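Overview (structure and organization)
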Amino acid sequence: MVDELNGSPIVADVLGDALEPLTLFHTKLENEGEPRGLIGPRDVSIIWERHILNSAAIVPFIKEALGEDRLAGRKKASVADIGSGGGFPGLIVASMLPNIPVTLIEPMERRVEWLNECVELMGLSNVTVLRARAEEVPIHPGFDVVTCRAVAPMTKLSGWALPLVRSHGRLVALKGRSAQAEIDKAAKEIRKHGGVNPRVVEAPVAPGLESTHVVIVDKR
Ligand SMILES: C[S@@+](CC[C@H](N)C(=O)[O-])C[C@H]1O[C@@H](n2cnc3c(N)ncnc32)[C@H](O)[C@@H]1O
């Protein structure tokens, strides 16, 4: 099956300079993703939209959270992606922000192997792959931004992700339609782990494609 967005100018527009490494990633995912249990059989023809562009929608929110000085390298910056799995959104974030160190936190050995293969293939020099559960990762000094997609509901995620965010940093999570209900349900856990002002923001994916939702939580 061929991806309907192969060669599309929409993809090139959204990804900019990251198109080249992400095309290598796309091809690897197309060939190996299903047999290696990283994507479902019906996903093979929608890898660009469902996985890569969907992940890219989180990048403007990461940039906003990092701010000018960190993006320009005048201040040290760090991003972590929890439960990266096949590389979403972590590998897309790392490709689109090549000057920002990105740590991918993933406990499953098979997926860690996959992530390391992808990092090498894509020539990314800003990525560290850490085989660990998020709740086992040493907390200090904390990351400026922690991202995740499809890892756990906010009630659980708050306790895994917020401790890893430095004071005044931000959790940015790609979520489905249930985003508002999830943060309402997790109000107590979010507060307990130092989260403030949880909110849902609509995140455009690309012109003509359905937008997605991002949950943002600031750290006290
Ligand atoms: C449904 S997959 C999602 C993968 C990827 N984020 C995506 O959106 O395609 C959930 C991932 O979270 C990982 N995971 C589960 N528990 C975790 C934990 N406590 N800390 C970090 N990752 C975890 C799993 O191994 C798996 O790779």
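What counts, and at which threshold
Residues numbered from 1 in each chain as written. Predicted model: local features only at pLDDT ≥ 70, side-chain atom pairs only at ≥ 80, totals over all residues. Helix = DSSP H or I, 4+ residues; strand = E, 2+ residues; numbered from the N terminus. Rg over C-alpha atoms; globule rule 2.2 N^0.38 Å. Contact = placed C-beta atoms within 7 Å. Buried ≥ 20, exposed ≤ 12 C-beta atoms within 10 Å, placed from the backbone. Pairing = 2+ DSSP bridges. UniProt positions renumbered as here; feature names shortened; annotations may be inferred.

1. What to know about the overall build of the protein
In terms of helices and strands, the protein carries nine helices and seven strands. Computed over C-alpha atoms, the radius of gyration of the protein comes to 16 Å, within 12% of the 17 Å expected from 2.2 N^0.38 for 220 residues, which places it in the range of a compact globule. A fraction of 69% describes how many contacts in the protein between residues 6 or more apart in sequence connect residues 24 or more apart.

2. Brief notes about unusual backbone geometry
With omega at -5°, the peptide bond leading from Phe88 into Pro89 counts as cis. Note that Pro89 resides in the loop between β1 (79-82) and α5 (90-96). Following His140, the chain continues into Pro141 via a peptide bond in cis, with omega recorded as 0°. Take Pro141: it is sitting in the loop between β3 (127-130) and β4 (143-149). Here Ala150, not a glycine, exhibits a phi torsion of approximately 55°, which is positive. The residue Ala150 is located in the loop between β4 and α7 (154-161) in this model.

3. Let's talk about the pairing of β1
Burial along β1 is two-sided: the face carrying Val79 and Asp81 and the face carrying Ala80 and Ile82 are both buried. Pairing of β1 with β4, which is carried by four bridges, proceeds in the parallel orientation. Looking at the pairing, Asp81 lines up with Thr147 of β4.

4. Describing the UniProt feature "binding site: S-adenosyl-L-methionine" (unreviewed entry) in the protein
Taking the numbering used here, the UniProt-annotated feature "binding site: S-adenosyl-L-methionine" (unreviewed entry) corresponds to Gly83, Phe88, Ala134, Glu135 and Arg149. In contact with Gly83, other than residues within four places in its own chain, are Glu106, Cys148 and Val151. Residue position: Ala134 is located in the loop between β3 and β4.

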